[in-house]
Amino acid sequence: MSASPVRNMATAVHNGQTRPLRALLSAMLCLALAGVIAIMPGPAAAASTVTVFYRPSSAWTTVNIHYAPAGGAWTAVPGVAMAAASCAGWVTRTLDLGTATTAQVVFNNGSGTWDNNSGRNYSIGTGIVTVSGGVIGSGDPCSATPPPGNSATVFYNTVSRNWTTVNLHYAPDGQPWTAVPGVRMDAPACAGWVRKTVSLGAATSMQAVFNNNAGTWDNNNGNNYRLQAGVSTVRDGVVTTNAADPCAAVPPDTIPPTVPGNVTATADHVTITVSWTASTDNRGVTGYQLTRTGGSPSPVVLTTGATTYADGGLAPQTTYSYTVKALDAAANLSAASTSATATTSTAPPVPPAGRMLGGDPRKESIYFVLTARFNDGDSSNNRGGSQHVRSGNAALNDPMFRGDFKGLVEKLDYIKALGFSAIWITPVVLNRSDYDYHGYHGWDFYRVDTRLESPGASYQDLINTAHAKGLKIYQDIVLNHSSRWGAKGLYVPPVWGAKDGQWDWLYSTKETGRQYDPMAEHQGNDPALTPAQNELAKGRPYNGDLWSTAEPAGNTCRNWGTPTGFVSPEGFTIRNCQWPSPTSGMFPANLYHQCWIGNWEGEDARSCWLHDDLADFNTEDPAVQSYLIGAYNKYIDMGVDGFRIDTAVHVPRVTWNRRFLPALQQHLTAKYGAAEAKNFYIFGEVAAFVNDKWNRGSVNHSAQFFTWKERRDYSANDVTAALEQYNYENGLGPAGQPTSANAFLAGNSYHSPDYSQFSGMNIIDMRMHMNFGDAGNAFRNGKDSDDSTNDATFNAVYVDSHDFGPNKSGMRYTGGTDAWAENMSLMWTFRGIPTLYYGSEIEFQKGKQIDCGPTCPLANTGRAYYGDRIAGTVTAADYGVVGTASGAVASTLQQPLVKHLQRLNQIRRAVPALQMGQYSTEGVSGPIAYKRRYTDAGRGIDSFALVTVSASSTFTGIPNGTYVDAVTGDVQTVTAGTLTVSLSGQGNARVYVLSLPGNPAPGKIGTGGPYLQ
């Protein structure tokens, strides 16, 4: 800064900035937000001097310290000169503080440049103080001798966090915490590590947390770290006490692991499961190598990190033998184990193709799971991928692909015991990317991802087993994009690659005929690679089918293999055509779009790439349409009950209406007949992340827009038609859109809906989702959009998901248990199909960041593994009714929101008006209150209900008769068309059902719980 300081006795002011009390409060608030429990340090013992060590900018040749003892005057500007310390990079000065025990200090270079701690000044005590990079510390930085008393040397690993600066904030037992943000970890270490030795005094341990000096903290998930005297390492959340110096030279490891023992091989049809006892190693076993002989080809080498391997898809009635070797990080292999032999029998019968369960989808409630993160039924298909270590997942033994179909099958009764009757699962197609556990990076759309299936637990097995329990399967599908590596069977782009010394670790050695298989991951043991390269290669599947150093014939990618001028995070030269992009010419324009989205409410949001790992299909091309329709017809044939359509907004509505929706409906009709085909539930994600009715005035990007057919004819060419449709509807605007009364009662009467203009696509209720900051807000906004939706009673309604929380929050919902109960009471009684993201029934990971990609462990996010919470056994006696339960799942099923959810599901299933009814607020007072009715004369159903949530309400102009509350059993007789319902308690509700001829009120349903009382 250029301005000289002004002083007074109360507050030092530098460059027009002060340090009032609020600065201290702000620091304390930041600490609290970081989840750190700390006591701000009190005054030091009385002393008259302080020795200050300061690390200036390397550009400073002169350093002055300008200071004021507490209660005293500031030195004359520019202060007193500091002298070079006994170690490089530091200057020092001992100051006389008189009787004061604290002082404020700032520094300058004698030429008008100041360091005043960003206008706050530095507040220091007595003794020895360091100031480096804006951080105050203690101890002589030039002394190699630790301070007297016990000391702790802490090594902190920065690789997975990519921090360039690390502070250690700590409190020895019985002593206060250091000042925020702590002391800089700046002692010499080695690549990937920082180090600091601190004094513990008489203490033998301390609490510690770390931060990057920019507001990001590692506080061990709010628990702080417990570190002991001596040497400790902290790496990806794991503390090692009495640790070896990670920066010390390690002698080469030449000792192989012990030989695996007790090898067995057991055949089940054409799958052989090989098991063995674990080997030991002086530095740790990293994996196992199996050699299979028999069949063709032979021999075959297989790899795994577990002590069991399921070898599937073998030839029938063939004898196979297996030996196993153990592997360590230095690529030392043990001797081969004894051989184990098994003979396959005939192939297992193919599970019969299923049929959807059928019935009105509005009767269901939906439980949404990320299959790979829900429950692990088969550890042999767990895979961490190339980002396993970098993400921090490896340190927590939490591979990204952990849950699977077998694990989901094992917990179907848990889902049914919650009361759900449908399960929405993430995409099942074979994915291909570095971090693809979520399923949205499809590569082979005709094949199920092998990391989800197990012998006896295929996707077909899941569908069939779920159906046998009365549970529907809604499959998430993607038609907007493929993986960045294209779509097998449609187009896979050739990419530049080379084993040139820099990129050897990234590119697999080519093998004729070998194809991509994510189950076969690089084990980091290639003798042709350096240890560092093996570390980078580890977890990567074979990609020799993709890359070429020589420019292939017919290549359209521009500037093949020439340097781009950019380097990778590892410092390697990035070349053109090495990474797919829309603007490189790598993808053919007839199959893939050629641009990046620039305006999320513009036409390009439907015809350009979302992200560099999502290659955007040209969905208006007949070849693309045929490829996708053929793929998803396959899953209809397997018997799935519906499709959730990802990124639906990024495909023009006219393309949905002319191509995809009619094609799916045609296939469904051929399989089930026209009437039943309509019960296949299709609901699209039209991601309008705004709070208003129409997405910033753009009808083409609003959810309800996609529930309507086209209102005019367009050109035969789909690309031209898409532009015509966009411009036509954009010109009409919100005021020119159709309206519907399909969701609304006519007074107290149900009326037949008009579906003549229905597109065939229902929607996720984005407006309620965005406004679920509280239930009342969601209710009011939902009502406001319903007249512009073809039939809002089919909307899928949720609070949060794997993408966002309300108001486009990046965190899982954290409004509190009572607010969750109120949200549920609204969703389960209002129009629409209630949908719950896995774990919300116990507020799992509340307040956690939903997604951070591979920059942090999945365990720290809203996509954490849930299996630990539902370990044990459970059976469901009925929907929302537990038969038996033991283990952790039994405890989970006792949680208050679980009890609330079970009863809501029981009530909703017993009252047709709550499932399929139209609604009205006419004549209804109360903040969240409505009347609902559903009538089907052909089936003899007439159901009328009055609902109020969390507060009292009055209903006027209603039919006279006897009303019975499904929550309490209370009976009210209405003779004058008015019923007043008294109610209190957030999340509580009343559902008064009118007894009608042939449709008596069901009475009290279920037992009282924590909210429905």
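So, how was this worked out
Residues numbered from 1 in each chain as written. Predicted model: local features only at pLDDT ≥ 70, side-chain atom pairs only at ≥ 80, totals over all residues. Heavy atoms only, no water. Axes fitted to C-alpha atoms, helices over the stretch in contact; angles between N-to-C directions. Helix = DSSP H or I, 4+ residues; strand = E, 2+ residues; numbered from the N terminus. Parallel < 35°, antiparallel > 145°, perpendicular 65-115°, else oblique. Contact = heavy atoms within 4.5 Å. Nonpolar A, V, L, I, M, F, W, Y, C, P; charged D, E, K, R; others polar. Polar contact = N/O pair within 3.5 Å; in protein donor to acceptor, adjacent residues only side chain to side chain. Expected span 1.5 Å × (residues − 1). Buried < 20%, exposed > 50% of the residue type's maximum accessible area, 1.4 Å probe, protein only. Pairing = 2+ DSSP bridges. Phe/Tyr/Trp six-rings, centres within 6.5 Å; stacked < 30°, edge-to-face > 60°. Lys NZ or Arg CZ within 6 Å of the ring centre and 35° of its normal. UniProt positions renumbered as here; feature names shortened; annotations may be inferred.

1. With respect to the packing of helix α12 (residues 775-785) against helix α13 (residues 817-827)
Then, in step 1: At a closest axis distance of 9 Å, the pairing of α12 and α13 adopts a crossing angle of 25°. Between α12 and α13, the angle falls in the class roughly parallel. Residues Ala775, Ala778 and Phe779 of α12 touch α13, and the partners they reach there are Glu822, Asn823 and Leu826.
Then, in step 2: For the contact of α12 with α13, the class distribution of residues is 4 nonpolar, 1 polar and 1 charged.

2. Details of the environment of Tyr930
Then, in step 1: With respect to the secondary-structure elements, Tyr930 resides in strand β47 (residues 929-936).
Then, in step 2: Note: C-alpha distance between Tyr930 and Ala945 (15 residues apart in sequence) is 8.6 Å.
Then, in step 3: Polar side-chain contacts of Tyr930 include one of 2.6 Å to the side chain of Thr829.

3. A short note on helix α15 (residues 896-910)
Then, in step 1: When the terminal C-alpha atoms of α15 are compared, their 22 Å separation across 15 residues agrees well with the 21 Å that a helix rising 1.5 Å per residue should span.
Then, in step 2: Most of α15 sits inside the fold, with 11 of its 15 residues counted as buried.
Then, in step 3: Listed in full, the buried residues belonging to α15 are Leu897, Val898, His900, Leu901, Gln902, Arg903, Leu904, Asn905, Gln906, Ile907 and Arg908.

4. Quick look at the pairing of strand β19 (residues 238-241)
Successive side chains on a regular strand alternate, one facing one side of the sheet and the next facing the other.
Then, in step 1: Sheet analysis places strand β18 (residues 230-235) next to β19, joined by 4 bridges and oriented antiparallel. Counterpart to Ser232 in the pairing with β19 is Thr241.
Then, in step 2: Hairpin geometry of β18 and β19 is characterised by an intervening segment of 2 residues between the two adjacent antiparallel strands and by a positive phi of about 50° at Asp236.

5. Examining the sheet that holds strand β45 (residues 918-920)
Then, in step 1: Overall, antiparallel pairing links the 6 strands, which are arranged β45-β47-β48-β53-β50-β51 in an open sheet. Here the strands that pair on one side only, and so sit at the sheet edges, are β45 and β51 (971-974). Looking at each pair of strands side by side, their axes are set apart by 25° on average, direction ignored.
Then, in step 2: Pairing geometry for β45 and β47, over 3 bridges, is antiparallel. Counted as the bridge partner of Ser920 is Lys931 from β47.
Then, in step 3: Helix-sheet contacts for α13 involve β47, β48 (941-949) and β53 (989-994), and the interaxial angle to β48 is about 155°.

6. Notes on the sheet that holds strand β22 (residues 285-293)
Whether parallel or antiparallel, the strands of a sheet pair through hydrogen bonds between backbone atoms.
Then, in step 1: Spatial ordering of the open sheet is given by β23-β22-β25-β26, a layout of 4 strands whose pairing is antiparallel. Of all the strands in the sheet, the pair left with one neighbour each is β23 (300-304) and β26 (340-343). Ignoring which end each strand starts from, the neighbouring axes of this sheet average 30° apart.
Then, in step 2: Where β22 meets β23, 5 bridges bridge the pair, whose relative direction is antiparallel. Paired with Leu290 across the strands is Leu302, a residue of β23.

7. Some remarks on the pairing of strand β11 (residues 150-157)
Then, in step 1: The buried count for β11 comes to 6 of 8 residues, which makes it a mostly enclosed element.
Then, in step 2: Relative to strand β14 (residues 193-201), β11 runs antiparallel, the two being bridged by 8 bridges. Within β14, the residue paired with Ser151 across the bridge is Ser199.
Then, in step 3: Direction of pairing for β11 relative to β18: parallel, over a ladder of 5 bridges.

8. Details of the packing of aromatic side chains
Then, in step 1: Going through the model one piece at a time under the given rule, you end up with 59 aromatic pairs.
Then, in step 2: Ring centres of Phe587 and Trp609 lie 5.5 Å apart, and the angle between their planes is 70°; on these two criteria the pair is classed as edge-to-face. Placement of Phe587 in the loop between β36 (573-575) and β37 (614-616) and of Trp609 in the loop between β36 and β37 is noted, with a sequence separation of 22 residues between them. The residues Phe587 and Trp609 share a single accessibility class, namely buried.
Then, in step 3: Over the face of the ring belonging to Phe705 we find Arg653, whose NZ or CZ atom lies 3.7 Å from the ring centre.
Then, in step 4: Taking the ring centre of Tyr838 as reference, the NZ or CZ of Arg812 above it sits at 5.5 Å.

9. Considerations on the packing of helix α8 (residues 653-672) against helix α10 (residues 718-732)
Then, in step 1: Their axes nearest at 8 Å, the elements α8 and α10 cross at an angle of 130°. With respect to each other, α8 and α10 are oriented oblique. Judged by residue contacts, Arg653, Val654, Arg658 and Arg659 of α8 engage Asp718, Ala721, Ala722, Gln725 and Glu729 from α10.
Then, in step 2: The residue inventory of the contact of α8 with α10, partitioned by class, reads 3 nonpolar, 1 polar and 5 charged.

10. Some thoughts on the UniProt feature "domain: Fibronectin type-III" (unreviewed entry) in the protein
Then, in step 1: The UniProt feature table records "domain: Fibronectin type-III" (unreviewed entry) at residues 256-349.
Then, in step 2: Helix makes up 0% of residues 256-349 and strand 50%. Its end C-alpha atoms lie 43 Å apart.

11. Re unusual backbone geometry
Then, in step 1: For the bond from Val77 to Pro78, the omega torsion is 10°, close enough to zero to count as cis.
Then, in step 2: Tracing the backbone through its elements, the reader meets Pro78 in the loop between β2 (64-69) and β3 (80-81).
Then, in step 3: Even without being a glycine, Asn121 presents a positive backbone phi close to 65°.
Then, in step 4: Although it is not a glycine, Arg696 sits at a positive phi angle of roughly 50°.
Then, in step 5: Take Arg696: it is sitting in the loop between β39 (681-684) and α10.

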